[in-house]
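# Structural overview
Take a look at the letters that make up each chain.
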Amino acid sequence: MSLGELWANHRPCHIGVNPILLQDVPNFTICQSHQVTPLLLYGSDDGFIAVRFHLQDSMLDLLSQLSAAIDTLLPIKLQRAKVKCLRDVPLWALVSFYATCKTDG
Amino acid sequence: MCHYGLWCPFMLLAKLTDEHLDNADVADAFIHLCQPIFCEMTATLGSFAPQIFHEFQQYPLPNDAQNPCGAWSACAVNNTRNRLAETNVHRDVKESPYCCSCVFACGDYIGGDIVLYELRCKIESPGDVPLFPDSLIHHNNEKAEGSRKSTLAFNMND
(Lines give C-alpha, C1' and ligand atoms only; values in the text may rest on other atoms or scores of the structure.)
Protein backbone atom coordinates (compact mmCIF):
# COMPACT_ATOMS: atom_id res chain seq x y z
CA MET A 1 0.00 0.00 0.00
CA SER A 2 1.36 3.41 -0.92
CA LEU A 3 0.51 6.82 0.50
CA GLY A 4 -0.56 7.84 -3.01
CA GLU A 5 -3.05 4.94 -3.13
CA LEU A 6 -4.44 5.92 0.27
CA TRP A 7 -4.97 9.48 -0.93
CA ALA A 8 -6.49 8.28 -4.21
CA ASN A 9 -8.91 5.97 -2.37
CA HIS A 10 -9.91 8.63 0.12
CA ARG A 11 -13.61 9.55 0.17
CA PRO A 12 -15.00 12.19 2.53
CA CYS A 13 -17.78 9.80 3.57
CA HIS A 14 -17.98 6.44 5.33
CA ILE A 15 -17.29 3.46 3.11
CA GLY A 16 -16.83 -0.02 4.48
CA VAL A 17 -13.42 -1.50 4.95
CA ASN A 18 -12.33 -4.04 2.35
CA PRO A 19 -13.82 -7.42 3.47
CA ILE A 20 -10.56 -9.17 2.62
CA LEU A 21 -8.79 -7.00 5.20
CA LEU A 22 -11.48 -7.75 7.78
CA GLN A 23 -10.97 -11.48 7.36
CA ASP A 24 -7.23 -11.14 7.52
CA VAL A 25 -7.07 -9.36 10.91
CA PRO A 26 -5.72 -12.43 12.78
CA ASN A 27 -2.73 -12.40 10.42
CA PHE A 28 -1.92 -8.72 10.89
CA THR A 29 1.53 -7.87 12.19
CA ILE A 30 1.54 -7.08 15.90
CA CYS A 31 3.83 -4.10 16.45
CA GLN A 32 5.16 -4.69 19.91
CA SER A 33 6.14 -1.77 22.10
CA HIS A 34 9.67 -0.56 22.08
CA GLN A 35 10.74 1.80 24.83
CA VAL A 36 13.25 3.77 22.79
CA THR A 37 12.95 3.27 19.07
CA PRO A 38 9.89 4.72 17.37
CA LEU A 39 8.25 2.58 14.72
CA LEU A 40 8.00 4.39 11.40
CA LEU A 41 5.58 3.18 8.73
CA TYR A 42 6.19 4.25 5.15
CA GLY A 43 4.19 3.41 2.04
CA SER A 44 5.64 1.55 -0.92
CA ASP A 45 6.16 4.99 -2.54
CA ASP A 46 8.28 6.04 0.48
CA GLY A 47 5.52 8.39 1.65
CA PHE A 48 5.37 8.78 5.40
CA ILE A 49 2.18 7.22 6.76
CA ALA A 50 2.44 6.70 10.50
CA VAL A 51 4.70 6.63 13.51
CA ARG A 52 4.29 4.85 16.82
CA PHE A 53 6.35 5.88 19.83
CA HIS A 54 6.32 4.80 23.44
CA LEU A 55 5.84 7.25 26.28
CA GLN A 56 8.80 7.68 28.58
CA ASP A 57 8.62 5.96 31.96
CA SER A 58 8.37 9.38 33.61
CA MET A 59 4.98 9.79 31.90
CA LEU A 60 3.49 6.64 33.41
CA ASP A 61 2.55 8.42 36.64
CA LEU A 62 0.92 11.07 34.54
CA LEU A 63 -1.12 8.43 32.72
CA SER A 64 -2.55 7.20 36.02
CA GLN A 65 -3.39 10.80 36.97
CA LEU A 66 -5.09 11.25 33.62
CA SER A 67 -7.04 8.05 34.11
CA ALA A 68 -8.42 9.43 37.38
CA ALA A 69 -9.10 12.80 35.75
CA ILE A 70 -11.10 11.21 32.92
CA ASP A 71 -13.30 9.47 35.49
CA THR A 72 -14.26 12.87 36.83
CA LEU A 73 -14.83 14.38 33.37
CA LEU A 74 -17.50 12.07 32.10
CA PRO A 75 -19.80 11.93 35.15
CA ILE A 76 -20.17 15.71 34.84
CA LYS A 77 -21.29 15.24 31.27
CA LEU A 78 -23.81 12.56 32.33
CA GLN A 79 -25.18 14.80 35.07
CA ARG A 80 -25.69 17.56 32.52
CA ALA A 81 -27.41 15.16 30.14
CA LYS A 82 -29.79 14.14 32.96
CA VAL A 83 -30.56 17.79 33.71
CA LYS A 84 -31.22 18.39 30.01
CA CYS A 85 -33.60 15.39 29.88
CA LEU A 86 -35.44 16.55 33.00
CA ARG A 87 -35.70 20.05 31.55
CA ASP A 88 -37.35 18.64 28.44
CA VAL A 89 -39.91 16.50 30.34
CA PRO A 90 -42.68 19.18 30.43
CA LEU A 91 -42.26 19.78 26.70
CA TRP A 92 -42.51 16.09 25.85
CA ALA A 93 -45.46 15.68 28.22
CA LEU A 94 -47.29 18.44 26.31
CA VAL A 95 -46.42 16.92 22.92
CA SER A 96 -47.54 13.51 24.10
CA PHE A 97 -50.78 14.92 25.58
CA TYR A 98 -51.73 16.70 22.33
CA ALA A 99 -50.79 13.66 20.27
CA THR A 100 -53.04 11.49 22.46
CA CYS A 101 -55.92 13.98 22.20
CA LYS A 102 -55.60 14.06 18.43
CA THR A 103 -55.55 10.24 18.19
CA ASP A 104 -58.56 9.94 20.48
CA GLY A 105 -60.36 12.39 18.19
CA MET B 1 -17.16 10.83 24.69
CA CYS B 2 -16.22 14.46 25.41
CA HIS B 3 -14.68 16.96 23.01
CA TYR B 4 -12.45 19.69 24.37
CA GLY B 5 -10.47 22.43 22.69
CA LEU B 6 -11.09 24.49 19.56
CA TRP B 7 -12.97 23.40 16.49
CA CYS B 8 -14.76 25.01 13.60
CA PRO B 9 -17.49 22.86 12.03
CA PHE B 10 -19.18 25.08 9.40
CA MET B 11 -17.66 28.23 10.92
CA LEU B 12 -15.10 30.70 9.64
CA LEU B 13 -13.16 30.80 12.86
CA ALA B 14 -12.56 28.11 15.46
CA LYS B 15 -14.26 28.32 18.83
CA LEU B 16 -14.18 26.25 22.00
CA THR B 17 -16.45 23.22 21.90
CA ASP B 18 -19.73 23.43 23.81
CA GLU B 19 -18.56 20.66 26.13
CA HIS B 20 -15.45 22.71 26.89
CA LEU B 21 -17.49 25.86 27.52
CA ASP B 22 -19.95 23.94 29.74
CA ASN B 23 -17.14 22.80 32.05
CA ALA B 24 -14.39 25.28 31.27
CA ASP B 25 -12.49 24.84 34.54
CA VAL B 26 -12.51 21.05 34.38
CA ALA B 27 -11.66 21.01 30.67
CA ASP B 28 -8.81 23.52 31.10
CA ALA B 29 -7.43 21.51 34.02
CA PHE B 30 -7.58 18.28 32.00
CA ILE B 31 -5.86 19.82 28.98
CA HIS B 32 -3.24 21.33 31.28
CA LEU B 33 -2.59 17.91 32.80
CA CYS B 34 -2.16 16.42 29.31
CA GLN B 35 0.38 19.03 28.21
CA PRO B 36 3.54 16.91 28.70
CA ILE B 37 2.05 14.21 26.48
CA PHE B 38 0.78 16.71 23.91
CA CYS B 39 4.29 18.23 23.85
CA GLU B 40 5.86 14.85 23.16
CA MET B 41 3.27 14.14 20.46
CA THR B 42 3.95 17.53 18.88
CA ALA B 43 7.71 16.96 18.95
CA THR B 44 7.22 13.59 17.24
CA LEU B 45 4.96 15.14 14.61
CA GLY B 46 7.49 17.90 13.96
CA SER B 47 10.33 15.39 13.66
CA PHE B 48 8.71 12.85 11.37
CA ALA B 49 6.06 14.83 9.53
CA PRO B 50 7.28 18.45 9.42
CA GLN B 51 4.97 19.33 6.50
CA ILE B 52 1.90 18.29 8.47
CA PHE B 53 3.21 20.18 11.48
CA HIS B 54 3.64 23.27 9.29
CA GLU B 55 0.14 22.78 7.86
CA PHE B 56 -1.32 22.76 11.38
CA GLN B 57 0.27 26.14 12.06
CA GLN B 58 -1.68 27.66 9.14
CA TYR B 59 -5.13 26.96 10.60
CA PRO B 60 -6.73 30.31 11.55
CA LEU B 61 -7.39 30.76 15.25
CA PRO B 62 -9.23 33.50 17.15
CA ASN B 63 -7.12 36.37 18.49
CA ASP B 64 -4.62 35.34 21.14
CA ALA B 65 -5.75 31.72 20.99
CA GLN B 66 -3.29 28.87 20.82
CA ASN B 67 -3.91 25.28 19.91
CA PRO B 68 -4.77 23.74 23.28
CA CYS B 69 -3.48 20.26 22.48
CA GLY B 70 0.04 20.95 21.27
CA ALA B 71 -0.07 21.00 17.46
CA TRP B 72 -3.70 19.89 17.54
CA SER B 73 -6.71 22.07 18.17
CA ALA B 74 -8.99 19.64 19.95
CA CYS B 75 -9.17 16.31 21.69
CA ALA B 76 -11.82 13.64 22.13
CA VAL B 77 -11.86 11.74 25.42
CA ASN B 78 -13.35 8.24 25.64
CA ASN B 79 -14.02 6.04 28.64
CA THR B 80 -15.15 2.42 28.29
CA ARG B 81 -16.26 2.26 31.96
CA ASN B 82 -15.37 -1.39 32.48
CA ARG B 83 -17.39 -2.53 29.50
CA LEU B 84 -15.85 -4.96 27.05
CA ALA B 85 -15.98 -2.19 24.53
CA GLU B 86 -14.50 -2.26 21.08
CA THR B 87 -15.01 0.50 18.56
CA ASN B 88 -16.47 0.00 15.11
CA VAL B 89 -14.07 -0.05 12.21
CA HIS B 90 -14.11 3.49 10.90
CA ARG B 91 -12.26 6.41 9.36
CA ASP B 92 -12.56 9.92 10.78
CA VAL B 93 -13.91 11.36 7.56
CA LYS B 94 -14.31 14.93 8.79
CA GLU B 95 -10.57 15.30 9.13
CA SER B 96 -8.21 16.24 6.35
CA PRO B 97 -6.64 13.32 4.45
CA TYR B 98 -3.33 15.18 4.63
CA CYS B 99 -3.24 15.38 8.42
CA CYS B 100 -2.51 12.99 11.25
CA SER B 101 -4.22 12.48 14.57
CA CYS B 102 -2.59 11.08 17.65
CA VAL B 103 -4.07 8.90 20.38
CA PHE B 104 -2.94 7.69 23.77
CA ALA B 105 -4.70 5.35 26.16
CA CYS B 106 -4.65 5.04 29.92
CA GLY B 107 -6.47 3.12 32.63
CA ASP B 108 -6.29 -0.38 34.04
CA TYR B 109 -7.00 -2.73 31.16
CA ILE B 110 -5.76 -5.65 29.09
CA GLY B 111 -6.10 -5.82 25.32
CA GLY B 112 -7.54 -2.90 23.40
CA ASP B 113 -4.94 -3.05 20.65
CA ILE B 114 -5.40 -0.50 17.88
CA VAL B 115 -5.90 -2.14 14.48
CA LEU B 116 -4.81 -0.21 11.38
CA TYR B 117 -6.45 -2.08 8.51
CA GLU B 118 -4.80 -0.72 5.36
CA LEU B 119 -1.41 -1.02 7.08
CA ARG B 120 -2.22 -4.59 8.15
CA CYS B 121 -0.90 -4.07 11.64
CA LYS B 122 -1.98 -3.91 15.27
CA ILE B 123 -0.44 -1.60 17.83
CA GLU B 124 -0.29 -2.66 21.45
CA SER B 125 -1.80 0.34 23.08
CA PRO B 126 -0.74 0.75 26.76
CA GLY B 127 1.91 3.50 26.75
CA ASP B 128 2.12 3.44 22.95
CA VAL B 129 1.19 6.54 21.02
CA PRO B 130 0.34 6.06 17.34
CA LEU B 131 0.23 9.06 15.05
CA PHE B 132 -1.53 8.29 11.76
CA PRO B 133 -3.88 9.75 9.14
CA ASP B 134 -7.16 8.59 10.66
CA SER B 135 -9.22 9.88 7.74
CA LEU B 136 -7.29 7.60 5.35
CA ILE B 137 -6.84 4.45 7.38
CA HIS B 138 -9.70 2.33 8.72
CA HIS B 139 -9.07 1.67 12.38
CA ASN B 140 -10.65 0.46 15.58
CA ASN B 141 -9.59 -0.79 18.96
CA GLU B 142 -10.07 -4.39 19.95
CA LYS B 143 -11.92 -5.52 23.06
CA ALA B 144 -10.30 -4.31 26.25
CA GLU B 145 -10.85 -5.99 29.60
CA GLY B 146 -10.99 -3.42 32.36
CA SER B 147 -11.34 0.30 32.12
CA ARG B 148 -9.75 1.70 28.98
CA LYS B 149 -9.68 5.45 28.53
CA SER B 150 -8.25 7.20 25.53
CA THR B 151 -7.59 10.72 24.36
CA LEU B 152 -7.38 11.49 20.64
CA ALA B 153 -5.85 14.79 19.53
CA PHE B 154 -7.17 15.96 16.17
CA ASN B 155 -7.74 18.88 13.84
CA MET B 156 -11.02 19.22 12.00
CA ASN B 157 -11.05 19.72 8.25
CA ASP B 158 -13.59 22.52 7.86
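Structure's up top.
Let me begin by describing the structure that accompanies this report.

The rules we used
- Residues numbered from 1 in each chain as written.
- Chains lettered and ligands numbered in written order.
- Predicted model: local features only at pLDDT ≥ 70, side-chain atom pairs only at ≥ 80, totals over all residues.
- Helix = DSSP H or I, 4+ residues; strand = E, 2+ residues; numbered from the N terminus.
- Buried ≥ 20, exposed ≤ 12 C-beta atoms within 10 Å, placed from the backbone.
- Rg over C-alpha atoms; globule rule 2.2 N^0.38 Å.
- Pairing = 2+ DSSP bridges.
- Axes fitted to C-alpha atoms, helices over the stretch in contact; angles between N-to-C directions.
- Contact = placed C-beta atoms within 7 Å.
- Nonpolar A, V, L, I, M, F, W, Y, C, P; charged D, E, K, R; others polar.

Along its length, chain A carries three helices and three strands. Looking at the 105 residues of chain A, the share that counts as buried comes to 11%.

The subject of this paragraph is the overall build of chain B. Each helix and strand counted, chain B has three helices and eleven strands in total. Relative to the globule expectation of 15 Å for 158 residues, the C-alpha radius of gyration of chain B, 15 Å, shows essentially globular dimensions. Taken over the C-alpha atoms alone, chain B extends approximately 45 × 35 × 30 Å along its principal axes. Expressed as a percentage of the 158 residues in chain B, the buried residues total 51%.

Attention now goes to the sheet that holds strand β2 (residues 15–16) of chain B. Within the open sheet, the eight strands sit side by side as β2(A)-β3(A)-β8(B)-β4(B)-β11(B)-β3(B)-β1(B)-β2(B). Their pairing is antiparallel. Pairing within the sheet leaves two strands with one partner each, and these edge strands are β2 (39–42) of chain A together with β2 of chain B. Taken together, the four bridges between β2(A) and strand β3 (residues 48–54) of chain A define a ladder with antiparallel strand orientation. Within β3(A), the residue paired with L41(A) across the bridge is A50(A).

A separate point is the sheet that holds strand β6 (residues 114–116) of chain B. Read across the open sheet, the four strands follow the order β1(A)-β7(B)-β6(B)-β9(B); overall the sheet is mixed. Two strands bound the open sheet, and with one partner strand each, they are β1 (29–31) of chain A together with β9 (139–141) of chain B. Adjacent strand axes in the sheet meet at a mean angle of 25 degrees when their direction is disregarded. Sheet topology note: the β1(A)/strand β7 (residues 121–123) of chain B ladder contains three bridges and is parallel. Its bridge partner being in β7(B), T29(A) is matched across the sheet by C121(B).

Our next topic: the environment of P9(B). All names here are of chain B. Topologically, P9 is positioned in the loop between β1 (2–7) and β2. Assessed through the 11 C-beta atoms surrounding it within 10 Å, P9 is described here as exposed. Residues P9 and M156, 147 residues apart in the sequence, show an inter-C-alpha distance of 7.4 Å.

Right, let's get into the interface of chain B and chain A. In this assembly, 44 residues from chain B lie in contact with 41 residues from chain A. Taken together, the elements giving at least two residues each to the side of chain B that touches chain A come down to α1 (18–22), α2 (24–48), β3 (74–79), β4 (101–106), β6, β7 and β8 (128–132) of chain B. Considering each element in turn, the side of chain B that touches chain A owes the most residues, nine residues, to α2(B). The class makeup of the residues in the side of chain B that touches chain A is 27 nonpolar, eight polar and nine charged.

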